[in-house]
Amino acid sequence: MVQRVAVIGAGPSGLTSIKACLDEGLNPTCFDSSHDIGGLWRFKEKPDPVQANIYQSVVINSSKEMMSFSDFPPPAELPNNMHHSEVLLYLRLYAKAFNLLQHIHFQTTVLSVRQTPDFAVTGQWEVETEREGQRETHVFDAVMVCTGHFTQPHLPLSDFTGIESFEGRYFHSWEYRNADGMEGKRVVVIGIGNSGGDIAVDISRVAEKVYLSTRSGAWVVSRVGQRGFPADLFGTSRMHLMINKVFSSWINRMLEKNLNEAFDHKLYGLKPKHGLFAQIPVVNDDLPARIISGRVQVKPNVKEFCGSSVVFTDGSVINNVDVVVFATGYNYSFPFLPSALQAKSGYRLLLYKHVFPPALTQPTLAVVGFVYSFGAVNPLAEMQARWATRVFKGLSTLPSEERMIKEIQKDIKTMHQSFACSERYPYQVDYIPYLDSLAEQVGARPNILWLLMKDPRLALRVWLGPCTSYQYRLTGPGQWVGARQAILTQWERVIQPFRTREVPEPETRPSSRLSIMVTFSGVILLYCCYNKFCI
């Protein structure tokens, strides 16, 4: 019987995995190689080679309501799209509220995870750790891997002829902190993912010129949506999901048209070959303004380096380049896991529903948070953790290995038909359908028809409103009594941070006698015209 669970990593996925264990009455022990929680969201002046890293200016792409955990709404006063320091604050509040810190062993590196000799019977794992030079081996009933996928920079230098002769400085975006030292420089940023766009904008405020090189282009969207509200609160409801399924091509064309009305992606040199929903767009509020002001210039892919010059595939050349930043993504690996558990199908790690290795005779190892979508990762990781802990306890069962592999292959085929998958991003999912599929396993998927009969007001919010994670605490295992109120008050928390200056309502003047006379005369005139021409 599973009781002791090893959780590897104390970022958002690790924290919610600890809590999921506690909710199911399990005993979690979390190991993290750093000295604090937060993972990716804890800014580090001096990055650790084995840890994820961010730069000083990072602001989260998802709004706070969409990225929050399902039973812990964010404080109303926090901004909707939080700076990384505020995301870390939210995680600290979450850890404190559920007493998670006491289960974490900091500055402890996991060296290996291997099956015990009697694994086929017990399902247990030997976890070898190291702290201050001292190695220990612990036996656990189950393991949750929560180390993410931003720890191993992908630096494809062999793809760039002449890079060894480049006279300037080059580095991966993982090393970038801020624009210090870039003043007056000529900088080339290679890659137009979210990091590439952010870094190009950041450096362009001090550099002589920034050249943003992209092989395939990208759709660029803003965090700011209708009437200035967070953009991800619109078009993310269950009703929109149904409409998108029926009219997917039309919706895609309409949204691309709207993006091009904001600024013409072809004119700006950004238009990609793929459709909007085929790949995660670049979320950047400032990039168009930096391009129109000439501070950032979009260029095609780099062909080669010649001394201090960069030659692009269209034949253009930029001379006297000082710095090159490779925003070329990340490789993923789990060096502490047995190689048999890192089997791939194409680019994708062979995991059932992106969580369980299908070949295990005992389903006691789960990967949490290793997924990518058009929505925030936190709710996805939380639902994975809730499901995994119930599988550990035997409350939810997995299909046979054969059936799991068939479902994985079917899922891979569907994924390649829907998304522009690549080696860097092989684990993309449809946000709401994926959450619903896991919630179905947990027994926590919201029943709209049942809600409509029991609580019509709530049902309409669930159906028409943004699909926030609180919906998955309305019923079933893990039900939270505050879920209904969290849904009904989510727009109040969205509005609260805007209330920094009271704007008085305009005074309404009583109608003057003249305006009454003019209105009355107009009505009489219209009536006379109607009688003349229509009767």
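- Looking up the protein in an unreviewed UniProt entry gives the name Flavin-containing monooxygenase, with the organism given as Lates calcarifer.
- As recorded by UniProt, the Subcellular location (unreviewed entry) comment attached to the protein reads in full: "Endoplasmic reticulum membrane".
- The annotation that UniProt attaches to the protein under Cofactor (unreviewed entry) is "FAD".

### What about the sheet that holds strand S15 (residues 302-306)?
No. 1: Ordered in space as S15-S16-S17, the 3 strands form an open sheet in which the pairing is antiparallel. Two strands close off the open sheet at either side, each with one partner strand: S15 and strand S17 (317-318).
No. 2: Sheet topology places S15 next to strand S16 (residues 309-312); 4 bridges connect them, and they run antiparallel. Bridging across to S16, Cys306 finds its partner in Ser309.

### Describing the pattern of salt bridges
No. 1: For the structure on display, the rule yields 19 salt bridges.
No. 2: When the shortest N-O distance is used, the salt bridge between Glu382 and Arg473 registers 3.4 Å. Within this pair, whereas Glu382 is found in helix H9 (residues 377-392), its partner Arg473 is found in the loop between helix H13 (456-464) and helix H14 (483-488), the two being separated by 91 residues in sequence. Each member of the pair, Glu382 together with Arg473, is buried.
No. 3: In this structure, Glu440 and Arg445 form a salt bridge, with 3.1 Å as the shortest nitrogen-oxygen distance.
No. 4: A relative accessible area of 48% places Glu440 in the partly exposed class.
No. 5: Through salt bridges with shared partners, a single ionic network connects Lys19, Asp23, Asp71, Glu382 and Arg473.

### Examining the nonpolar core
No. 1: Core analysis: the largest hydrophobic core is formed by 88 residues, its most contacted members being Val5, Met144, Val187, Val189, Ile203, Phe356 and Phe392.
No. 2: Examining the composition of this core, we find that 8 residues originate from one element, H9, more than from any other.
No. 3: In terms of domain composition, this core takes at least three residues from each of domain 1 (4-150 + 332-446) and domain 2 (155-223 + 266-328).
No. 4: Residue contacts for Phe356: discarding those within four places in its chain leaves Leu350, Leu351, Pro363, Leu365, Ala366, Trp387, Ala388, Val391, Phe392 and Leu398.
No. 5: Counting residues in hydrophobic clusters, the runner-up holds 25 residues, among them Ala6, Phe31, Phe334 and Phe370.

### Describing the domain arrangement of the protein
No. 1: Splitting the protein by domain gives domain 1 (4-150 + 332-446) and domain 2 (155-223 + 266-328).
No. 2: With 26 residues of domain 1 at the interface, the matching set in domain 2 holds 19 residues.
No. 3: Buried surface at the junction of domain 1 and domain 2, summed over both partners, amounts to about 1700 Å²; 52% is from carbon and sulfur atoms.
No. 4: Where domain 1 meets domain 2, there are 0 salt bridges.
No. 5: Run the count over domain 1 and domain 2 and you get 8 residue pairs in polar contact (both at pLDDT 80 or more).
No. 6: Class assignment for the residues of the side of domain 1 that touches domain 2 results in 13 nonpolar, 9 polar and 4 charged.

### Here's the deal with the sheet that holds strand S5 (residues 125-131)
No. 1: Taken together, the 3 strands give an open sheet; going across it, the order is S4-S5-S6, and neighbouring strands pair in antiparallel fashion. The strands lining the two open edges of the sheet, one partner per strand, are strand S4 (109-115) and strand S6 (134-140). The sheet shows a mean angle of 20 degrees between the axes of neighbouring strands, taken without regard to direction.
No. 2: In the sheet, S5 pairs with S6 via 7 bridges, with the strands oriented antiparallel. Opposite Glu126, over in S6, you have Val139 as the bridge partner.

### Some points on the packing of helix H1 (residues 12-23) against H9
No. 1: It is at 9 Å that the axes of H1 and H9 come closest, and there the two elements cross at 35 degrees. Here H1 and H9 pass one another in a crossing that is right-handed. Taken together, the residues of H9 that come into contact with H1 (itself represented by Pro12, Ser13, Thr16, Ser17, Ala20 and Cys21) are Asn378, Ala381, Glu382, Ala385, Arg386 and Thr389.
No. 2: Class assignment for the residues of the contact of H1 with H9 results in 5 nonpolar, 5 polar and 2 charged.

### Structural notes on the environment of Lys64
No. 1: Topologically, Lys64 is positioned in helix H2 (residues 64-67).
No. 2: On the basis of relative accessible area, Lys64 is assigned to the buried category, the value being 0%.
No. 3: Ignoring sequence-local partners within four residues, the contact set of Lys64 consists of Pro74, Pro75, Ala76, Glu77, Leu78, Pro79, Asn80, Met82, Arg493 and Pro497.

### A word on the pairing of strand S10 (residues 186-190)
Every other side chain in a regular strand lies on the same face of the sheet, so the side chains alternate between the two faces.
No. 1: A large share of S10 lies buried, amounting to 4 of its 5 residues.
No. 2: Taken together, the 5 bridges between S10 and strand S11 (residues 209-213) define a ladder with parallel strand orientation. Looking at S11, one finds that Ile190 is bridged to Ser213.
No. 3: This β-α-β element, S10 to helix H5 (residues 194-204) to S11, shows right-handed connectivity.

### Looking at the side chain of Ser17
No. 1: Locating Ser17 in the fold gives a position in helix H1.
No. 2: Within polar-contact distance, the side chain of Ser17 engages the backbone oxygen of Ser13 at 2.8 Å.
No. 3: When neighbours within four sequence positions are excluded, Ser17 is seen to be in contact with Val7, Met144, Cys146, Val368 and Ala385.

### Thoughts on the side chain of Ser112
No. 1: Checked against the element boundaries, Ser112 lands in strand S4.
No. 2: Overall, Ser112 belongs to the buried group, its relative accessible area being 16%.
No. 3: At a separation of 2.7 Å, a polar atom in the side chain of Ser112 contacts the side chain of Arg114.
No. 4: If we skip the residues at most four places from it in the chain, Ser112 touches Glu126, Val127, Glu128 and Phe336.

### Some remarks on the packing of aromatic side chains
No. 1: One pass over the structure, following the stated rule, counts 24 aromatic pairs.
No. 2: Consider the rings of Phe229 and Phe498, whose centres lie 6.4 Å apart with planes at 90 degrees: the pair is edge-to-face. Here Phe229, found in the loop between strand S12 (220-221) and helix H6 (238-246), pairs with Phe498, found in the loop between helix H15 (490-495) and helix H16 (513-534); they are 269 residues apart in sequence, far enough to count as distant.
No. 3: For Phe498, a relative accessible area of 45% translates into the label partly exposed.

Parameters and conventions
All residue numbers here refer to positions counted from 1 along the written sequence of the relevant chain. For a predicted model such as this one, the threshold for reporting local features is a pLDDT of at least 70, and the threshold for listing and counting side-chain atom pairs is 80 or more; totals across whole chains, interfaces and linings nevertheless cover every residue. Values reported for side chains reflect all heavy atoms of the structure, with hydrogen atoms and water molecules removed beforehand. UniProt positions are given in the numbering used here, feature names are shortened, and annotations may be inferred rather than shown by experiment. We call two strands paired when DSSP finds no fewer than two bridges between them. Numbering of helices and strands runs from the N terminus; a helix is a DSSP stretch of H or I covering at least four residues, while a strand is a stretch of E covering at least two. By definition, a salt bridge exists where a carboxyl oxygen of Asp or Glu is found within 4 Å of a side-chain nitrogen of Lys or Arg. Partly exposed describes any residue whose relative accessible area lies between the buried limit of under 20% and the exposed limit of over 50%, with all areas from a 1.4 Å probe on protein chains only and scaled to the type maximum. In this text, buried Ala, Val, Leu, Ile, Met, Phe, Trp, Tyr and Cys residues form a nonpolar core when linked through side-chain atoms within 4.5 Å. Where each domain starts and ends follows an automatic or database-derived domain assignment. By definition in these notes, contact holds between two residues if any of their heavy atoms fall within 4.5 Å. Joining two parts hides part of their accessible area as seen by a 1.4 Å probe, and the buried area is that hidden amount summed over both. Residues adjacent in sequence count toward polar contacts only when both atoms are side-chain atoms; beyond that, a polar contact is any pair of N or O atoms within 3.5 Å, and within protein one must be able to donate a hydrogen and the other to accept it. Put simply, Ala, Val, Leu, Ile, Met, Phe, Trp, Tyr, Cys and Pro go in the nonpolar bin, Asp, Glu, Lys and Arg in the charged bin, and everything else, Gly too, in the polar bin. For helices, the fitted axis covers only the stretch in contact; all axes are lines through C-alpha atoms, and the angles between them, taken along N-to-C directions, range from 0 to 180 degrees. The crossing is said to be left-handed when, going from far helix to near helix, the turn is anticlockwise and less than a right angle, and right-handed when the turn is clockwise. A crossover counts as right-handed when, viewed with the strands pointing away from the observer, the path leading from the first strand over the helix to the second turns clockwise. What counts as a ring pair is set by centres within 6.5 Å for rings of Phe, Tyr and Trp (its six-membered ring), and what kind of pair is set by the plane angle: stacked under 30 degrees, edge-to-face over 60, tilted for all other angles.

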